[in-house]
Amino acid sequence: MPSNFDQPWPARDDLRIRSVQAIVTAPQGIPLVIVKIDTTEPGLYGLGCATFTQRWKAVQTFIDEHVSRLLVGRYPGDIGDLTRLIGFSGYWRGGPVTNNAISGVDQALWDIAGKRAGMPVYELLGGKVRAAADTYLHASGKTIGDTLDHAKTLIDQGLRHIRLQVSTPGGGGYGAPQVPTLYPDAPYRNGWSARDYLRTTPELFAEARQALPDNIELLHDVHSRLTPKEAVLLARSLEPHRLFFLEDVLAPEYWDRLPEVRAASPVPLAVGELTTSMTDAVRLIRDHGVDFIRSHVSDIGGLTAARKLADLAELCGVRTAWHGPGDTSPIGAAANVALDVTSVAFGIQEGHLYNDATYEVFPGTLRIENGWLRPNETPGWGIDLDLEAAARYPAELSGHDEWAAGVRRPDGALEAP
């Protein structure tokens, strides 16, 4: 890692923020937004994750045109004050664009704090309560057999927790390839049917329990597409297969019904990746709607906000399962792991296998080893950003706008993506 991690840094009166910049790169085809904060001390800078993949251009513009004007000239050690300043400066508060911008700044300032202290960020949070974070990856396929073959490959790599997804007819099989429609005469021939999904998903897990070792924990993502009654039906049908958790059974519009769904569900519920503020996530925990809180850390405002949530989760008997797929940057993944190893409330960490280009752009990116994630031991996040490499992988707008078009039921009604 760069030698500047080991330098002594100046005191408060001599240190100021010199520049704030959003850098967007897509080494794995997924736009990642990184905030880079430079200080008046040469070589001292911080990196933070501000990745709102589907609206990355809005976050980039907000940071470059608004946030930078607020922060230049200020002392970088006042993390809480600076992030509140961003949140309050526009009068209307919250939302994923604002919160991702706040997150990028928040995490970059923690990175600077760690470098100044000569410590990894996790030590600034109080130090480890566990050595590493147990991690899950996703297995999927067009058929149940394909999904289980993929799962066996992950088990061979040391994974103990695996999320299983299999294609359902039409274009709506979340997390799995599209397969031919069962509804050629419907108004929307490639539609997704909740009825068929509720029928086929228990079949996937019944076969998984026969084919996979009994000690493997199994997970599943509904992706917010069921009604409260349908969610209960699915959870009860999956009870014999002992799922570790069932993810995102309801859309945010119906989260007020989560406590009753959870009370009727024999399977633990993991919800929260669509929370766009810390207070949204607090309600899920406080109102007994979840067993696992799954917020996307940058969407709720960064490490500082997530740390408060983890403390609340501990007090309420809820566990954490931070969102961590490919649209979490390596900096965001490092923030997740810092939370994981320092929080008693930790439950499981979603992982992602980054490609070689991502390791080129982000030297120091964490690697999953035998199903475990460990934080870097170098000051700050221990992850750098190669600007020349980042520029070789520019982000595009078109593909992700198409992804956000969602899926439709056979009658043509629009569903969540």
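A brief look at the structure comes next. (Residues numbered from 1 in each chain as written. Predicted model: local features only at pLDDT ≥ 70, side-chain atom pairs only at ≥ 80, totals over all residues. Heavy atoms only, no water.)

## Details of the overall build of the protein
Broken down by element type, the protein carries 14 helices and 14 strands. Here the C-alpha radius of gyration of the protein, 21 Å, is about what a compact globule of 417 residues would show, namely 22 Å. Projecting the C-alpha coordinates of the protein onto the three principal axes gives extents of approximately 70 × 45 × 40 Å. Out of the 417 residues belonging to the protein, those deemed buried represent 56%. Taking as baseline every contact in the protein between residues at least 6 positions apart, the subset at least 24 positions apart corresponds to 69%. Carbon and sulfur atoms form 51% of the exposed surface of the protein, whose accessible area is close to 17100 Å². Seen as two clouds, the 39 positive and the 52 negative side-chain charges of the protein have centres 3 Å apart. (Helix = DSSP H or I, 4+ residues; strand = E, 2+ residues; numbered from the N terminus. Rg over C-alpha atoms; globule rule 2.2 N^0.38 Å. Buried < 20%, exposed > 50% of the residue type's maximum accessible area, 1.4 Å probe, protein only. Contact = heavy atoms within 4.5 Å. Areas by Shrake-Rupley, 256 points an atom, 1.4 Å probe, with all protein chains shown as cover. Lys, Arg positive; Asp, Glu negative; His and termini not counted. Charge placed at Lys NZ, Arg CZ, Asp CG, Glu CD.)

## Describing the sheet that holds strand S1 (residues 17–25)
Reading across from one edge, S1-S2-S3 is the order of the 3 strands in this open sheet, with antiparallel pairing throughout. What marks the edges here is a single partner per strand, and that holds for S1 and strand S3 (45–49). Ignoring strand direction, the axes of neighbouring strands in this sheet form an average angle of 20°. The pairing of S1 with strand S2 (residues 32–39) spans 8 bridges and is classified as antiparallel. (Pairing = 2+ DSSP bridges. Axes fitted to C-alpha atoms, helices over the stretch in contact; angles between N-to-C directions.)

## A few points about the pattern of salt bridges
This model, assessed by the stated rule, comprises 18 salt bridges. A salt bridge links Glu273 to Arg294; the nearest nitrogen and oxygen atoms lie 3.1 Å apart. In this pair, Glu273 is assigned in the loop between strand S8 (269–271) and helix H9 (278–286) and Arg294 in the loop between strand S9 (292–293) and helix H10 (303–316), connecting sequence segments 21 residues apart. You'll find Glu273 and Arg294 in the same group, each marked buried. Of the charged contacts in the structure, one is a salt bridge between Arg392 and Glu360, with a shortest N-O distance of 2.2 Å. Taken together, the positions of Arg392 in the loop between helix H13 (387–391) and helix H14 (398–403) and Glu360 in helix H12 (residues 356–361) put the pair 32 residues apart, joining distant regions of the chain. Residue Arg392 is classed as partly exposed on the basis of its relative accessible area, which comes to 48%. Each member of the salt-bridge network shares a partner with another, and the members are Glu247, Glu273, Arg294 and Glu350. (Salt bridge = Lys/Arg side-chain N within 4 Å of Asp/Glu carboxyl O.)

## Considering unusual backbone geometry
Positive phi is not limited to glycine here, since Arg242 has a value of about 55°. Here Arg242 is to be found in the loop between helix H7 (228–238) and strand S7 (245–247). In this model, His288 sits at a positive phi of 65°, which is unusual for a non-glycine residue.

## Remarks on the nonpolar core
Ranked by size, the top nonpolar core spans 108 residues in total, and within it Ile37, Ile162, Leu164, Leu246, Val249 and Trp381 carry the most contacts. With residues up to four places along the chain from it excluded, the contact list for Trp381 reads Leu47, Gln107, Trp110, Asp111, Val121, Leu303, Ile331, Ala334, Ala335, Ala338 and Asn376. Tyr136, Leu219, Phe244 and Ile348 belong to the second largest nonpolar core, which has 8 residues in total. (Core = buried A, V, L, I, M, F, W, Y, C linked by side-chain atoms within 4.5 Å.)

## Regarding the side chain of Asp196
With respect to the element layout, Asp196 can be found in helix H6 (residues 194–211). The contacts of Asp196, once residues within four sequence positions are left out, are Leu182 and Tyr183.

## Section: the packing of aromatic side chains
Aromatic ring pairs are described here by two measures, namely the spacing of the ring centres and the angle between the planes. Evaluation of the coordinates by the stated rule reveals 6 aromatic pairs. A ring pair is formed by Tyr136 and Phe245, whose centres lie 6.0 Å apart and whose planes are at 85°; its orientation type is edge-to-face. Residue Tyr136 is located in strand S4 (residues 133–141), and its partner Phe245 is located in strand S7; the two are separated by 109 residues in the primary sequence. Here Tyr136 matches Phe245 in class, with each residue buried. Note on Phe245: relative accessible area 0%, which makes it buried. Here the aromatic residues Tyr136, Phe244, Phe245 and Phe292 are joined through ring pairs into a cluster of three or more. A cation sits over an aromatic face here: Lys36 above Tyr45, 4.5 Å from the ring centre. (Phe/Tyr/Trp six-rings, centres within 6.5 Å; stacked < 30°, edge-to-face > 60°. Lys NZ or Arg CZ within 6 Å of the ring centre and 35° of its normal.)

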